[in-house]
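# Observations on the three-dimensional arrangement
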Amino acid sequence: MSQKTYRVIQWATGTVGKVSLRHFVENPAFELVGVLVTNPEKVGKDTGDIIGLPPTGVLATDDVEAILALEADCVHFAPLVQDIDMVCRLLRSGKNVVSPVGPVYPTPAFSADVEKIEAACKDGGTSFHGCGIHPGFVGDILPMTLTRLMDRIDRIQVYEIADKLRNPSVYIEFMGFGLDPEVLSTQPNCMEGAMYAFAQSMALVVEGLGKTIENLTEKHEIATARNDIAYPGGVIRAGTVAGQHWEWTAWADGAPLIVYHLYYLMGDDMEPAWNLGDSRHRIVIEGNPAMELTLMATADADGRHPFLGITWTGLLGATAIPQVCEAAPGMVTHFDLGVVRPQGLVRP
Ligand SMILES: NC(=O)c1ccc[n+]([C@@H]2O[C@H](COP(=O)([O-])OP(=O)(O)OC[C@H]3O[C@@H](n4cnc5c(N)ncnc54)[C@H](OP(=O)(O)O)[C@@H]3O)[C@@H](O)[C@H]2O)c1
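Residues numbered from 1 in each chain as written. Predicted model: local features only at pLDDT ≥ 70, side-chain atom pairs only at ≥ 80, totals over all residues. Heavy atoms only, no water.

On to the domain arrangement of the protein, then. On domain assignment, one finds that the protein holds domain 1 (6-130 + 311-337) and domain 2 (141-307). Relative placement of domain 1 and domain 2: their C-alpha centres are 27 Å apart. In this complex, domain 1 contributes ten residues to the contact, which on the side of domain 2 involves 16 residues. Contact with domain 2 buries surface across domain 1, with Tyr105, Trp312 and His334 losing the most and accounting together for 45% of the total. Taken together, the connections running from domain 1 to domain 2 amount to three residue pairs in polar contact (both at pLDDT 80 or more). (Domains from an automatic or database assignment. Contact = heavy atoms within 4.5 Å. Buried area = accessible area lost by both parts, 1.4 Å probe. Polar contact = N/O pair within 3.5 Å; in protein donor to acceptor, adjacent residues only side chain to side chain.)

Have a look at this one:
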């Protein structure tokens, strides 16, 4: 790996974007050359003001053409919704792209996006890497790595437990917390199709183990608030949605091989009482020898463990950038990246 400085652009400064932006400003392995924002209140502001750091001299812009015209090695593309055509324009302009919005691994559900990305990479001589904590890390490269400790594998279960009351985000409303349970079950919401996004990570593990996903199945359970739950954005009324459990299973050889459990919670005052405790990720591999791994933030002063998934998502993108920039053109998955060697992490 070269020790060059990578010129980077941060596209969107939401929760994930701000984490990587701070990393680019503070890590000498990177030179921040541009910041794209959509929020009119941020346009023209110094990047430092957006992330609470001293001035950087890089002003946020909403001018897409100006960003496309910049000389840069990589764009960390973290908007709220994916825009594959924009990703392709960036790739064709000669910039590599790393994105927490995916795609993370080629599957039939994303074949059209992957084809467009591959064509743009070929034209631009560039690479694309889709990343994130989940999908993108705890359900794929992490269990895949742990399989090296196994003699035989029967099933891999991956849990994401996120307490949204302790770490509020836009997803509280997006995911339909506070709705009547019947309304959530019958109306479209942001988790529509999420199984196919997460199935990319499942496919990485299943194919990594030399198998093929034959079938995907989905379950959704709801828990309701026992009492009103106040949070910074409003109140979850008693009797409305306060907890959701999404369960997705990838079947291979006629049996469930990978099971993902996503538990999103507004605290723990709910019925049924799931009593899941603090936010964390957990991987359980059934087989021989059976094993489990828990991944969580260290405890805050009050002894509770916060959810770090968003922070980790911003850092997973940032730390992959040098290797993605050095990769051969095309879509780069974990299998192509191999062991990622982040740069500039050890510093005074
Ligand atoms: N794979 C994973 O594990 C993982 C985990 C977390 C998030 N994500 C993905 O990462 C992306 C960013 O998440 P986040 O938590 O940072 O979201 P966020 O806090 O809502 O920020 C998204 C940013 O996108 C810009 N934006 C707002 N409305 C937009 C629109 N309609 N179209 C395009 N951009 C818009 C805004 O940027 P400005 O404020 O700069 O204008 C906003 O701050 C999302 O797509 C999310 O699904 C993936």
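Okay, back to it.
Pairing within the open sheet is mixed, and its seven strands lie in the order E13-E8-E11-E12-E7-E14-E15. Looking at which strands have only one partner, the edges of the open sheet turn out to be strand E13 (270-271) and strand E15 (291-295). When strand E14 (residues 280-288) meets E15, the two strands line up antiparallel, connected through five bridges. Bridge assignment links Ile283 to a residue of E15, and that residue is Leu293. Contacting strand E7 (152-163), strand E8 (215-225), strand E11 (241-252) and strand E12 (255-265), helix H9 (residues 194-208) crosses the sheet at an angle of about 135° to E12. (Pairing = 2+ DSSP bridges. Helix = DSSP H or I, 4+ residues; strand = E, 2+ residues; numbered from the N terminus. Axes fitted to C-alpha atoms, helices over the stretch in contact; angles between N-to-C directions.)

Turning to the layout of surface pockets, a few remarks are in order. Looking at the second largest pocket, its volume works out to about 540 Å³. Contributing to the lining of the second largest pocket are 22 residues, with Phe137, Ile141, Leu316, His334 and Val340 lying nearest its centre. Here the residues of the lining of the second largest pocket are counted per class, giving 14 nonpolar, seven polar and one charged. Each of two domains, domain 1 (6-130 + 311-337) and domain 2 (141-307), supplies a minimum of three residues to the lining of the second largest pocket. (1 Å grid on protein atoms, 1.4 Å probe; cavity = no way out; pocket = protein on both sides within 12 Å on 5 of 7 lines; lining within 4 Å. Points joined across faces, edges and corners; volume = space filled by probe spheres on them. Nonpolar A, V, L, I, M, F, W, Y, C, P; charged D, E, K, R; others polar.)

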